[in-house]
Amino acid sequence: MNITGVLLDITGIQRYVFGSNKLKENLGASCLVENVYAEFLKEIANSEFPGKNKLDCWRDEPEKLYIKEDSNVEMEVGYSGGGNALLFFRNRIKSTQFITEWSKRLLLETHGLSTAVAIKDIDLDNLQQGVTDLFAELNKDKFTYHPQVALPRHGITTECPRTGLSAEYWFDKDGKYISSVAASKLNHTESAYKMFRSLFGDVLNDYEFSEDIERLGQSKGESHIAIVHIDGNGMGKRFMDCSTIESLRKLSVSLRKATEKAMKLLLEQIISDYACYGDNFKLEPKTLPICPIILGGDDVTFVTDARLGVYFAEKFIEAFVGQPVTDDKSLSACAGVAITKTKYPFYRGYQLAEDLCRSAKKKAKDNDGESWLDFHIAYGGFSGELSQIRQRHYTVKAGELCYRPYRICPDKADAHSFSEFKKGVKMFFSKWPRNKQKEFREILTLGENAAQQF
């Protein structure tokens, strides 16, 4: 049986979500991305195919493909997750009409968010090949068409102080004109908090996430934050290896549950230890020193106080790898932790966190997909890619001074183990005076002999 397959994709999610240093805008943008499939897709489907669509059955009844079994069903969701949504249509013309209406809705509601779409006829008896062809078609479309989705800045218009785009939207809360891109994000901030409260309400109780990036616990004179990006290892291949739509759906659902459960366990740990933060962290009562921004599939990004970023990343990965998924393979993940000044451009910090995560993934690829963590502390500004930064600051004639990334695995204790790294740091800081620590850092650049003599 042949049907029409449509693959929807949101492009440039990171730039859209992290293009502001205002946490409220980041959260609002994240909520809008979630609504692209959770809300907007449903509304258009119910309008175009009233009573003839199956939107949520892929989660509740993954073994059933209604478009194959019921001739009255015109549209069905194959699966949704990881920034993609796979849709099935009985009629190709109606599928293009749906795409038109969906794209129009996004232009009106999610200013600045761009998408890519692939459409192809699929033989349901050879579904795996059909999905592979759809992804190939999508990748081709991404490189050939870049739509203009936000009003550009013109010489005769006021510039938005938040985005630099044309300020054409009056925002009552600020009492000034801002761009429609910034306004659409800010208008969804409360929805984002409601979304996270609904996910973690049983854990949070009366605790709240911070609404200000400058109030994550930073002490006076120590205004640094940690941007943490975590990504599962090899999940793309595991999805591609699914030979049936049932296995694909089950893996998608179980992976999202695993991510949410890992975040719950981390939040439980933070709340359990909350009293310990009182002396060293400047927190408002019942405000957590962490705020999740992206939580989808195996892709997680959160922001926290600089001193907690590496610790929280380690705890999340430890919780994540213990979660079950339906393909019966163990989970692993890599983390990048970028520690930057609070007021440093957030998107640049996120890009560094992504680079660090990629650095960890290179190690994971060479070590059977284990979990690894990499981090970088930027005391001032920084420029260039991670490899350039490390070449410039951590490479001397005698060799490399940077030993990162580290393996997150309690069962292995060697020079690459994060547990051994922590033991070394603890011993070093407990026995060496601070002035000697700083002096030793300079001596290391002179070579091994100088270090041994010191």
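Residues numbered from 1 in each chain as written. Predicted model: local features only at pLDDT ≥ 70, side-chain atom pairs only at ≥ 80, totals over all residues. Heavy atoms only, no water.

Asker: Teacher, can you tell me more about the overall build of the protein chain here?
Answerer: A count of helical and extended segments in the protein chain gives 16 helices and 15 strands. Over its C-alpha trace the protein chain gives a radius of gyration of 24 Å, about what one expects of a compact globule, namely 22 Å for 454 residues. Dimensions along the principal axes, computed over C-alpha positions, put the protein chain at roughly 80 × 55 × 45 Å. A separation of at least 24 residues holds for 66% of the contacts in the protein chain among residues at least 6 apart in sequence. Of the roughly 22700 Å² of accessible surface on the protein chain, a fraction of 49% belongs to carbon and sulfur atoms. Averaging the coordinates of the 61 positive side-chain charges in the protein chain and doing the same for the 63 negative ones gives two points 5 Å apart. (Helix = DSSP H or I, 4+ residues; strand = E, 2+ residues; numbered from the N terminus. Rg over C-alpha atoms; globule rule 2.2 N^0.38 Å. Contact = heavy atoms within 4.5 Å. Areas by Shrake-Rupley, 256 points an atom, 1.4 Å probe, with all protein chains shown as cover. Lys, Arg positive; Asp, Glu negative; His and termini not counted. Charge placed at Lys NZ, Arg CZ, Asp CG, Glu CD.)

Asker: What's the story with the side chain of Q323 in this structure? I'm lost.
Answerer: If you trace the backbone, Q323 turns up in the loop between α11 (309–320) and β11 (333–341). A distance of 3.1 Å separates a polar side-chain atom of Q323 from the backbone oxygen of A319. Not counting the four nearest positions on each side in its chain, Q323 is found in contact with A258, K261, L265 and L331. (Polar contact = N/O pair within 3.5 Å; in protein donor to acceptor, adjacent residues only side chain to side chain.)

Asker: Please clarify how the packing of helix α8 (residues 189–204) against helix α10 (residues 245–272) should be interpreted in this entry.
Answerer: Packed helix pairs are characterised by how far apart their axes lie and by the angle those axes make with each other. Viewed as axis vectors pointing N to C, α8 and α10 meet at an angle of 40 degrees, and their least axial separation amounts to 10 Å. In terms of axis orientation, α8 runs oblique to α10. Once α8 is placed against α10, the crossing between them reads as right-handed. Here L199, F200, D202, V203 and L204 of α8 come into contact with α10, specifically with E260, M263, K264, L267, E268 and I271. Partitioning the contact of α8 with α10 into residue classes produces 7 nonpolar, no polar and 4 charged. (Axes fitted to C-alpha atoms, helices over the stretch in contact; angles between N-to-C directions. Parallel < 35°, antiparallel > 145°, perpendicular 65-115°, else oblique. Left-handed = near helix turned anticlockwise from the far one by under 90°. Nonpolar A, V, L, I, M, F, W, Y, C, P; charged D, E, K, R; others polar.)

Asker: Would you take a moment to explain the sheet that holds strand β3 (residues 75–81) for this structure?
Answerer: In sheet architecture, strand pairing relies on hydrogen bonds along the backbone and comes in two forms, parallel and antiparallel. Taken together, the 5 strands give an open sheet; going across it, the order is β2-β3-β4-β1-β5, and neighbouring strands pair in mixed fashion. Every other strand in the sheet has two partners, leaving β2 (53–54) and β5 (114–123) as the edge strands with one partner each. As paired elements, β3 and strand β4 (residues 84–89) share 6 bridges and run antiparallel to each other. Residue pairing for β4: V77 is matched across the bridge by L87. Helix-sheet contacts for α10 involve β3 and β4, and the interaxial angle to β3 is about 45 degrees. (Pairing = 2+ DSSP bridges.)

Asker: Help me out: how do you make sense of unusual backbone geometry in this one?
Answerer: What is expected of a backbone is that most residues other than glycine have negative phi and most peptide bonds are trans. The peptide bond linking R404 to P405 adopts the cis configuration, its omega dihedral lying at 5 degrees. Even without glycine at this site, D368 takes up a positive phi of about 60 degrees.

Asker: Hey, could you run me through helix α5 (residues 92–109) in this one?
Answerer: Within an α-helix, residues lying three or four positions from one another point in the same direction, as the helix has 3.6 residues per turn. The terminal C-alpha atoms of α5, which comprises 18 residues, lie 26 Å apart, in line with the 26 Å expected from a rise of 1.5 Å per residue. Here α5 has its buried residues at S95, F98, I99, W102, R105 and L106. Within α5, the buried residues cover an arc of 130 degrees as seen down the axis, which keeps them to one side. Of the exposed residues in α5, those oriented more than 90 degrees away from the buried face are I93 and L108. Two or three places before I93, at the opening of α5, N91 has a side-chain oxygen 2.8 Å from that residue's backbone nitrogen. (Expected span 1.5 Å × (residues − 1). Buried < 20%, exposed > 50% of the residue type's maximum accessible area, 1.4 Å probe, protein only. Arc of directions from axis to C-beta.)

Asker: Is there a simple way to think about the nonpolar core in this case?
Answerer: Counting 122 residues, the largest nonpolar core has L41, F98, L267 and L288 as its most contacted members. Other than its neighbours up to four places away in sequence, F98 contacts L41, I44, A45, F49, M75, L87 and F89. One finds C160, F171, I178 and A182 within the second-largest nonpolar core, a separate group that totals 7 residues. (Core = buried A, V, L, I, M, F, W, Y, C linked by side-chain atoms within 4.5 Å.)

Asker: What's the story with the side chain of E260 in this structure? I'm lost.
Answerer: Of note, E260 is situated in helix α10. Those residues in contact with E260 that sit more than four places away from it in its chain are L199, F200 and L295.

In short, geometric facts, not functional conclusions.
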